Amino acid sequence: PGRARRLLVSQLFQPLNLQVGSEAGWEGRAGEPLCRSQKLMLQGGLIHPANPGCYYYLPPTVRAMEKLVKVMDEEMQAVGGQKLNMPSLSSAELWRASGRWERMGPELFRLEDRHGKGYCLGPTHEEAVTELVAAHSNLSYRQLPLRLYQVTRKFRDEPKPRFGLLRSREFYMKDMYTFDASEEAARQTYELVCGAYCSLFDRLGLPFVKVQAATGSIGGTMSHEFQLPADVGEDRLVLCPEGHFAANVETLNGEQASCPTCGEKLTQTKGIEVGHTFYLGTKYSSVSNAVFLSPENKPQLAEMGCYGLGVTRILAASIEVLSTEDSIRWPSLIAPYQLCFIPPKRGSKEEEVGAALLERAYDDLAEALPHLASDSVLDDRTQLTIGKRLKDANKLGYPYVVIAGKRVCEDPPVFEVWNQEAGEVLFLTKEGVIELMSKVQVP
């Protein structure tokens, strides 16, 4: 009710270290290299180290993450996904039955309860979801396909956590598990979910490639990775320049130099894996006896697939590939805040008129475009020059910055508007600012 409360930069919990030139304080261990996203996220007060491979996610990061999850929800629900939530603790018996308790080795965080019963902290949930579906033994073919997904915290005891959120021990993941009545139906589901992943990365404006991949410890007979090409990436990829073929090098027998389709010379690049899809067949459903009743009323094993997206990894990887060395650039859809207002410096000749006009512009915009009310901040650190605050805003990657500069005293008042994505500066009246911002999308 009433006017939206203004969000003031001085009150946001985002301890900035933008003035820190030296990286010494950020290195996990002496001399460990930092990648761009890790450095920018630490300097910008987006994450704070807790212990190796674990971070506090500060409020702006949580805002970006929640927006990203909303976009994921839209894409998953568009392909019939139903959201659920599974426990982080998974019983050792379940993992022994699937053979992964031994196979995963020290990557699994293992623990015991007071009764000596063994558990692991779930790095992924194939066993758990299959047990859940198997428990509903009267499942009919009419209820298939089932496409169940969650967004939860996951744990992997990485031997060498590094590069901030790109390779951490605790992270957020969106994982979907699908159950189909036949191999053909399961392969259709596979194509459908891969299409949803392509749509997600297109909406975020991220330059991704879908590559053939190894099935690894998860298993199954077909697998693809969604990769963002980047120098800091840990995967080596080969790509056909015409787009006919793309693979993770680990899937190839020996060195493959030319495209199997068109014969063109393959190019090599490194990539950050941000998504992974697997066609599992009955690998897990046969262990837990996850069956459905066929039209002939006979129990039949469900055909499965699993599909992961790294939520926190996509955040860091998008900063990695879109940003400059010293300024964060977000996919505009998921920027923590869309808009930063910068009033005149305290004591300047524009202060009296400009501060009031800028605050009115903030309030009028919040009223005209209520979906942006919580997406706007006012940089009230008026002891600093406009230039210093603009520099900070630029480093933090607000897609739009509205400044009450010299021209705010004109009639009608004109604001200086920085559109970071387009790399342009506009001079607009208050109405012009509202019209410009009316085109901005937030999830």
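Predicted model, so just to flag it, every value in this text is computed and none were measured.

Calculation criteria
- Here the residue index of a chain counts from 1 through its sequence in written order.
- Where local features are concerned, this predicted model is filtered to residues with pLDDT of at least 70; where side-chain atom pairs are given and counted, the filter is 80 or more; whole-chain, interface and lining totals use all residues.
- To obtain the side-chain values, all non-hydrogen atoms of the structure were used and water was disregarded.
- Cavity and pocket criteria rest on a 1 Å grid covering protein atoms alone: a 1.4 Å probe that fits but cannot get out defines a cavity, protein on both sides within 12 Å along at least 5 of 7 lines defines an open pocket, and an atom within 4 Å of a point defines a lining residue.
- Grid points are joined across faces, edges and corners, and a volume is the space filled by probe spheres set on the points.
- Helix and strand labels come from DSSP, where a helix needs a run of H or I of at least four residues and a strand needs a run of E of at least two; each type is numbered from the N terminus.
- Note that Gly is not counted as nonpolar here; it falls among the polar residues with everything else outside the nonpolar set of Ala, Val, Leu, Ile, Met, Phe, Trp, Tyr, Cys and Pro and the charged set of Asp, Glu, Lys and Arg.
- Where each domain starts and ends follows an automatic or database-derived domain assignment.
- Working rule for contacts: check all heavy atoms of both residues, and any pair within 4.5 Å makes them a contact.
- Accessible surface is computed with a 1.4 Å probe, and the buried area is the amount of it that two parts give up when combined, taken over both parts together.
- The salt bridge criterion pairs a side-chain nitrogen of Lys or Arg with a carboxyl oxygen of Asp or Glu, the two atoms within 4 Å.
- For our purposes a nonpolar core is just a set of buried Ala, Val, Leu, Ile, Met, Phe, Trp, Tyr and Cys residues, chained together by side-chain atoms within 4.5 Å.
- Remark: exposure states derive from per-residue accessible area (1.4 Å probe, protein chains only) relative to the maximum for the residue type, with buried under 20%, exposed over 50%, and partly exposed in between.
- In this scheme, strands are said to pair when DSSP sees at least two bridges between them.
- As a rule, the C-alpha atoms of each element are fitted with a line to give its axis, helices using only the stretch in contact, and angles between N-to-C directions run from 0 to 180 degrees.

A. How the structure looks around the layout of surface pockets. Reported here for the largest pocket is a volume of approximately 940 Å³. Around the largest pocket sit 45 residues that line it, and R156, R167, E273, H276 and R313 are the ones nearest its centre. Within the residue set of the lining of the largest pocket, elements represented by two or more residues are β8 (170-180), β13 (267-281), β16 (303-310) and α8 (311-322). By residue number, the principal contributor to the lining of the largest pocket is β13, which donates seven residues. Taken together, the residues of the lining of the largest pocket break down into 19 nonpolar, 13 polar and 13 charged. If you add up the space inside the second largest pocket, you get close to 390 Å³. In terms of lining, the second largest pocket is formed by 19 residues, of which the most central are W330, P331, S332, L333 and E421. Here the lining of the second largest pocket is built from residues that sort into eight nonpolar, seven polar and four charged.

B. Fine view of the domain arrangement of the protein chain. You can read the domains of the protein chain as domain 1 (9-23 + 337-438) and domain 2 (36-322). Each of domain 1 and domain 2 has a C-alpha centre, and the two are 39 Å apart. With 13 residues of domain 1 in contact, the opposing surface of domain 2 contributes 11 residues. Of the roughly 920 Å² buried where domain 1 meets domain 2, counting both sides, 48% is carbon and sulfur surface. If you look at where domain 1 meets domain 2, you find two salt bridges.

C. Geometry of empty space enclosed by the protein. Scanning the entire structure with this criterion turns up three cavities of 30 Å³ or more. One number sums up the size of the largest cavity: a volume of about 80 Å³. Lining the largest cavity we find Q14, L46, P60, I328, W330, P336, Y337, L396, G397 and Y398. A per-class count over the lining of the largest cavity returns eight nonpolar, two polar and no charged.

D. Region of the structure containing the nonpolar core. Counting 55 residues, the largest nonpolar core has F201 and I314 as the members making the most contacts within it. Ranked by the residues each element gives to this core, the list is headed by helix α6 (residues 183-204), at nine residues. With residues near it in sequence (within four places) discarded, I314 still touches L68, M72, L200, F201, L204, L206, V274 and L309. Core analysis: the next-biggest nonpolar cluster, separate from the first, contains 34 residues, L7, V377, Y400 and V402 among them.

E. Structural view of the sheet that holds strand β5 (residues 109-112). Strand order in the open sheet made by the three strands is β4-β6-β5, with antiparallel pairing throughout. The open sheet has two edge strands with one neighbour each: β4 (89-91) and β5. The sheet shows a mean angle of 40 degrees between the axes of neighbouring strands, taken without regard to direction. Judged from the four bridges that link them, β5 and strand β6 (residues 118-121) form a sheet pairing that is antiparallel. For E112, the partnering residue across the bridge sits in β6 and is G118.

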